[in-house]
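For reference, the chains in residue letters:
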Amino acid sequence: MWLFFTLATTLLWGIAELFYKKGSHEDAKYDHLRVCILVGAVMGIHAVFTLLTSDIDYDPMNLVVYLPVSLCYILSMACSFFGIRFIEESLADPIENTAGAMCSLLCVIFLGETIAPGVWFAIALTVIGIIGVSYTENSSEVNRKQRLGKKLAVIAFLMPFCYAFIDAFGSFLDIFFLEMETSPLVGINEENIELVANISYELTFAIVGIILFAFMKFKGVKFELPKQKDKAIAAVCETAGQLTYVYAMSGNGAIAAPILSCVCVVSLILSRIFLKEKLTKKQYVFISIIILGILMLTVIEGE
């Protein structure tokens, strides 16, 4: 069954990325906040459902204890939601998926870990790909600066990188929070530690969503739920994928991880088919290099 859940997670997250982009609009100033609100709502519902249906004695103090990690993940997603208002999903997603490589580097820098030569090669590939993609931004074939203005174009292009770094830092913190020996989480054991962390993250996202909704009401910004269908579908797929991810990794994680890293490939294909996104030939070349580096890194670390 782990293979089924792995494929389901890959597809669900790929569909989520498609609908995140489909539901985001350049001229809608607060669209990225609308996405955060809906994701928070769906995750909050899932967290409450989990608490009601699972045999777990959850201590609310974990909301505070796990807050640094939760905020990293939430902020990284907010950066992603802002960025895809202006840039192609098929360009943003591969860059965002370099978070794993960045987390490996953080472990080397701060924990003194040693990594295999193959991992260094995979990281080097992703760096080459990123430099190449960045170079294409100045190409005459990419008219983002002319369309958005130089300042907004640069900010929008930086958002996937902000996602990757902040998400990587959250994953780095999770190394301590998800180990029984070092975790400060309250009332945990080997069986429920990941569930407690996930509930804390989802409830925090729900609280952030409520705060953002209140902010939009204060600003007089309309939030017409019937018009947020694409965002709602993305939020549901995101949360459903998070649920199946747990079962996918509980089976054969060494094989599941490389498959899950193909989310950016699924996203690229779906964006090309349904959103009619077109990149330049150079962009496709460098994105392919990034994806190759991500796949190599995942396979090597899963061995």
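Coordinates for the structure precede this section.
Residues numbered from 1 in each chain as written. Predicted model: local features only at pLDDT ≥ 70, side-chain atom pairs only at ≥ 80, totals over all residues. Heavy atoms only, no water.

### So, unusual backbone geometry
Then, in step 1: Backbone geometry at lysine 276 places phi at a positive 60 degrees, although glycine is not the residue there.
Then, in step 2: Following the sequence through the fold, lysine 276 ends up in the loop between helix H12 (263-274) and helix H13 (281-302).
Then, in step 3: Using a relative accessible area of 57% as the deciding quantity, one classes lysine 276 as exposed. (Helix = DSSP H or I, 4+ residues; strand = E, 2+ residues; numbered from the N terminus. Buried < 20%, exposed > 50% of the residue type's maximum accessible area, 1.4 Å probe, protein only.)

### Considering the packing of helix H5 (residues 89-96) against helix H9 (residues 150-177)
When two helices pack together, their arrangement is given by the angle between the helix axes and the distance between those axes.
Then, in step 1: At their nearest, the axes of H5 and H9 sit 8 Å apart, and the two run at 30 degrees to each other. The angle between the axes of H5 and H9 places the two elements in the roughly parallel class. Note on packing geometry: the crossing formed by H5 with H9 is right-handed. Of the residues in H9, those touching H5 at Leu91, Ala92, Ile95 and Glu96 are Phe157, Pro160, Phe161, Tyr163 and Ala164.
Then, in step 2: Here the contact of H5 with H9 is composed, by residue class, of eight nonpolar, no polar and one charged. (Axes fitted to C-alpha atoms, helices over the stretch in contact; angles between N-to-C directions. Parallel < 35°, antiparallel > 145°, perpendicular 65-115°, else oblique. Left-handed = near helix turned anticlockwise from the far one by under 90°. Contact = heavy atoms within 4.5 Å. Nonpolar A, V, L, I, M, F, W, Y, C, P; charged D, E, K, R; others polar.)

### Notes on the pattern of salt bridges
Any two side chains of opposite charge can pair if their charged atoms end up close together.
Then, in step 1: Counted under the stated rule, the structure contains seven salt bridges.
Then, in step 2: When the shortest N-O distance is used, the salt bridge between lysine 22 and aspartate 230 registers 3.4 Å. On the criterion of sequence distance, the pair formed by lysine 22 in helix H1 (residues 2-22) and aspartate 230 in helix H11 (residues 229-260) is long-range, its members being 208 residues apart.
Then, in step 3: Note on lysine 22: relative accessible area 41%, which makes it partly exposed.
Then, in step 4: The residue arginine 147 makes a salt bridge to glutamate 26 at a minimum N-O spacing of 2.8 Å. With arginine 147 in helix H8 (residues 144-148) and glutamate 26 in the loop between H1 and helix H2 (31-53), this pair connects stretches of sequence that are 121 residues apart.
Then, in step 5: Classification of glutamate 26 as partly exposed rests on a relative accessible area of 34%.
Then, in step 6: Ionic contacts of the salt-bridge type, sharing partners, join the residues Asp31, Arg34 and Lys231 into one network. (Salt bridge = Lys/Arg side-chain N within 4 Å of Asp/Glu carboxyl O.)

### Considerations on the packing of H2 against helix H10 (residues 193-219)
Then, in step 1: Two elements in contact, H2 and H10, have axes separated by 7 Å at closest approach and are oriented at 140 degrees. Classified by the interaxial angle, the pair formed by H2 and H10 is oblique. Our pair here, H2 against H10, has a crossing hand that is left-handed.
Then, in step 2: Tallied by class, residues from the contact of H2 with H10 come to 17 nonpolar, six polar and two charged.

### Section: the packing of aromatic side chains
Each aromatic ring pair is specified by the distance between its two centres and by the angle formed by the two planes.
Then, in step 1: Applying the stated criterion across every chain, the model contains 13 aromatic pairs.
Then, in step 2: With centroids separated by 5.5 Å and ring planes inclined at 70 degrees, the aromatic side chains of phenylalanine 4 and phenylalanine 5 adopt a geometry described as edge-to-face.
Then, in step 3: Of the residues examined, phenylalanine 4 reaches a relative accessible area of 53% and is grouped as exposed. (Phe/Tyr/Trp six-rings, centres within 6.5 Å; stacked < 30°, edge-to-face > 60°.)

### With respect to H5
Then, in step 1: In terms of burial, H5 is a largely internal element, eight of the eight residues being buried.
Then, in step 2: Buried residues of H5: Glu89, Ser90, Leu91, Ala92, Asp93, Pro94, Ile95 and Glu96, and no others.

### What about the side chain of arginine 85?
Then, in step 1: Take arginine 85: it is sitting in the loop between helix H4 (67-83) and H5.
Then, in step 2: We note that arginine 85 is buried and unpaired, the nearest opposite charge coming from aspartate 31 at a distance of 5.7 Å.
Then, in step 3: Of the polar contacts made by the side chain of arginine 85, one reaches the backbone oxygen of lysine 29; its length is 3.0 Å.
Then, in step 4: Residues contacting arginine 85, with those up to four places away along its chain left out, are Lys21, Ser24, His25, Glu26, Ala28, Lys29, Asp31 and His32. (Lys, Arg positive; Asp, Glu negative; His and termini not counted. Polar contact = N/O pair within 3.5 Å; in protein donor to acceptor, adjacent residues only side chain to side chain.)

### Observations concerning the nonpolar core
Then, in step 1: Among the nonpolar cores identified, the biggest contains 55 residues, and Tyr20, Val39, Tyr66, Met77, Tyr201 and Phe205 are the most heavily contacted of them.
Then, in step 2: Of all the secondary-structure elements, those providing two or more residues to this core are H1, H2, H4, H9, H10 and H11.
Then, in step 3: Those residues in contact with tyrosine 20 that lie beyond four places of it in its chain are Val35, Val39, Met77, Phe81, Ile84, Ala234, Ala235 and Glu238.
Then, in step 4: Ile130, Leu268, Ile287 and Ile294 belong to the second-largest nonpolar core, a separate cluster that totals 13 residues. (Core = buried A, V, L, I, M, F, W, Y, C linked by side-chain atoms within 4.5 Å.)

### Looking at a nonpolar patch on the surface
Then, in step 1: A cluster of nonpolar residues, Ile109, Phe110, Leu111, Ile175 and Phe176, forms a patch on the protein surface that exposes about 460 Å² of accessible area.
Then, in step 2: Broken down by secondary-structure element, the contributors of at least two residues to the nonpolar patch are helix H6 (99-111) and H9.
Then, in step 3: The dominant element in the nonpolar patch, judged by the number of residues it contributes, is H6, at three residues.
Then, in step 4: Residue placement: phenylalanine 176 occurs in helix H9. (Patch = residues over 30% accessible without salt bridge, like charges linked within 9 Å, V, L, I, M, F, W, Y side chains within 5 Å. Areas by Shrake-Rupley, 256 points an atom, 1.4 Å probe, with all protein chains shown as cover.)

Function cannot be inferred from these measures alone, as they are strictly geometric.
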